[in-house]
Amino acid sequence: MESYRYLLDLAIILLSTKLLGLVFQKFKLPQVIGALLAGIIIGPACFGIVEKTELITALSEIGVIMLMFLAGVETDIQEFKKAGKASLVIALCGVFIPLAGGFACLYFFNKPGLLGSADSTRVMLENVFMGVILTATSVSITVQTLKELGKLNSAAGTAIMGAAIIDDILGIIILTIVTSMADPEVNIVTVLLKIVLFFVFVAVVGGAYYFVFKKWTAGSENKRRFVVISIAFALFMSFAAEEFFGVADITGAFFAGLIISSLEKSHYVEKRCDTISYGFLSPIFFTSIGLAMTLPKMSGTLILFTVAIIVVAVLTKYFGCMFGAKLFKYSSLECKQIGIGMVSRGEVALIVAQKGAAVGLVSASLMGPIILMVVVTTVIAPVLLNIVFKEKKEAVTA
């Protein structure tokens, strides 16, 4: 008999995320924190009411694609261009400083037998890969928070978006280099070539879409077909990014939105897509992060390592990105906002960790600390962003 349990699961997800979101809104905190905690509470980590099924996984993937597509649509492309050099330096600092910090942290703990390392010859690669995990940034959490705060197009918000996209590209390159040391089938030259071709693809396909769409919609009233075609374009760009070039699908979605942002009908598209995203897809995505959390039993050494890696994860990303922003004369407050905006690791760090586990670079004993690091950085980033952006508001009022 066909099961309709998925309907109940979706209803529970939507209601729990909204309920907890309203609770956090009551305390003047971003609703996205409620959605993340809802997933943890109803998932395997707490009550086990909802499991992460293939349907939820698929819908959550579409949810983050829509979220990043809308972030692109809402981005001021001129401000995005202005922040280009700054975003590059911020991303570089936000990648290599956490890389060094993660390596040093595990190097201190990862002695033969201390963390259960079975193969001493791989200890050094494990240490390096822990740094690779810390380079990850989950911009989707920050995007939602900035949208709620109305700061997506602020100077700090634009710099964060640009840095996060570059961070994604740098992360792919570093991940490929490290995994190639353990997996001879991975070819770094091929990966770099694909990344270059991706940007060529975006320029050619994006340019063609821009001119065709602009000509087709000239003088037309706002119609639903504009929205349908825009969503189809976002999904196609997401597919092409992953399938053909090995770049994250959300990067393709963001560039699709960025292309549409300069079109006359962008506000109409944004308004209609935002309803779909906010009302259905985004809650599923944020909840799915919590549903993926399971906390295994850990020894005293692992608990100590967990505390250390959480502190290192937060501080290296924060100070690394803040230092990069300082070099481009952002204000002290904007530097803090940028640093905090890059702290969240979210689902990106989990994906990187899983890739490392597949080639033997992340032992089973380290998954617990990694998961807890992801939970903490993902939850505190929206809280801290809320605080630093309020600080700006209060300073202006004063």
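Model, not experiment: these values are computed from the prediction.

### Things to note about the overall build of the protein chain
Turning to step 1, where the next piece is worked out: Scanning the protein chain from terminus to terminus reveals 16 helices and zero strands.
Turning to step 2, where the next piece is worked out: Computed over its C-alpha atoms, the radius of gyration of the protein chain comes to 21 Å, within 12% of the 21 Å expected for a compact globule of 398 residues.
Turning to step 3, where the next piece is worked out: Seen along its three principal axes, the alpha-carbon backbone of the protein chain occupies a region of about 70 × 55 × 50 Å.
Turning to step 4, where the next piece is worked out: Within the protein chain, buried positions represent 55% of all 398 residues.
Turning to step 5, where the next piece is worked out: A fraction of 81% describes how many contacts in the protein chain between residues 6 or more apart in sequence connect residues 24 or more apart.
Turning to step 6, where the next piece is worked out: By element, 68% of the accessible surface of the protein chain is carried by carbon and sulfur atoms, the whole surface being about 17,800 Å².

### Re the packing of helix 6 (residues 123-135) against helix 13 (residues 300-326)
Pairs of packed helices are described in terms of their axes, by the angle between the two and the distance that separates them.
Turning to step 1, where the next piece is worked out: Direction vectors running N to C along helix 6 and helix 13 enclose 50°, while the axes themselves pass 10 Å from each other. Between helix 6 and helix 13, the crossing angle belongs to the class labelled oblique. In this structure, the crossing between helix 6 and helix 13 has a hand that is right-handed. Counting all contacts with helix 6, which are made through Met-130, Leu-134 and Thr-135, the residues of helix 13 involved are Phe-305, Ile-309, Val-312, Ala-313 and Lys-317.
Turning to step 2, where the next piece is worked out: A per-class count over the contact of helix 6 with helix 13 returns six nonpolar, one polar and one charged.

### Observations concerning the packing of aromatic side chains
Turning to step 1, where the next piece is worked out: Enumeration over the complete set of coordinates arrives at 18 aromatic pairs.
Turning to step 2, where the next piece is worked out: Here the aromatic rings of Tyr-209 and Phe-213 are separated by 5.4 Å at their centres, their planes lie at 20°, and the arrangement is stacked. With Tyr-209 and Phe-213 both in helix 9 (residues 188-217) and four residues apart, the pair spans about one turn of that helix. Phe-213 shares its class with Tyr-209; the two are buried.
Turning to step 3, where the next piece is worked out: Where Phe-285 meets Phe-286, the ring centres are 5.0 Å apart and the plane angle is 55°; that geometry is what we call tilted.

### Focus: the environment of Leu-263
Turning to step 1, where the next piece is worked out: Looking at the secondary structure, you find Leu-263 in the loop between helix 11 (249-261) and helix 12 (266-291).
Turning to step 2, where the next piece is worked out: With 49 residues separating them in the primary sequence, Leu-263 and Val-312 have C-alpha atoms 42 Å apart.
Turning to step 3, where the next piece is worked out: In this structure Leu-263 touches Tyr-210, Phe-213 and Lys-214, once residues within four positions along its chain are discounted.

### Thoughts on a nonpolar patch on the surface
Turning to step 1, where the next piece is worked out: A contiguous nonpolar surface patch, about 430 Å² in accessible area, is contributed by Ile-303, Val-307, Val-311, Leu-315 and Phe-319.
Turning to step 2, where the next piece is worked out: Its place among the elements puts Val-311 in helix 13.

The rules we used
Residues numbered from 1 in each chain as written. Predicted model: local features only at pLDDT ≥ 70, side-chain atom pairs only at ≥ 80, totals over all residues. Heavy atoms only, no water. Helix = DSSP H or I, 4+ residues; strand = E, 2+ residues; numbered from the N terminus. Rg over C-alpha atoms; globule rule 2.2 N^0.38 Å. Buried < 20%, exposed > 50% of the residue type's maximum accessible area, 1.4 Å probe, protein only. Contact = heavy atoms within 4.5 Å. Areas by Shrake-Rupley, 256 points an atom, 1.4 Å probe, with all protein chains shown as cover. Axes fitted to C-alpha atoms, helices over the stretch in contact; angles between N-to-C directions. Parallel < 35°, antiparallel > 145°, perpendicular 65-115°, else oblique. Left-handed = near helix turned anticlockwise from the far one by under 90°. Nonpolar A, V, L, I, M, F, W, Y, C, P; charged D, E, K, R; others polar. Phe/Tyr/Trp six-rings, centres within 6.5 Å; stacked < 30°, edge-to-face > 60°. Patch = residues over 30% accessible without salt bridge, like charges linked within 9 Å, V, L, I, M, F, W, Y side chains within 5 Å. Salt bridge = Lys/Arg side-chain N within 4 Å of Asp/Glu carboxyl O.

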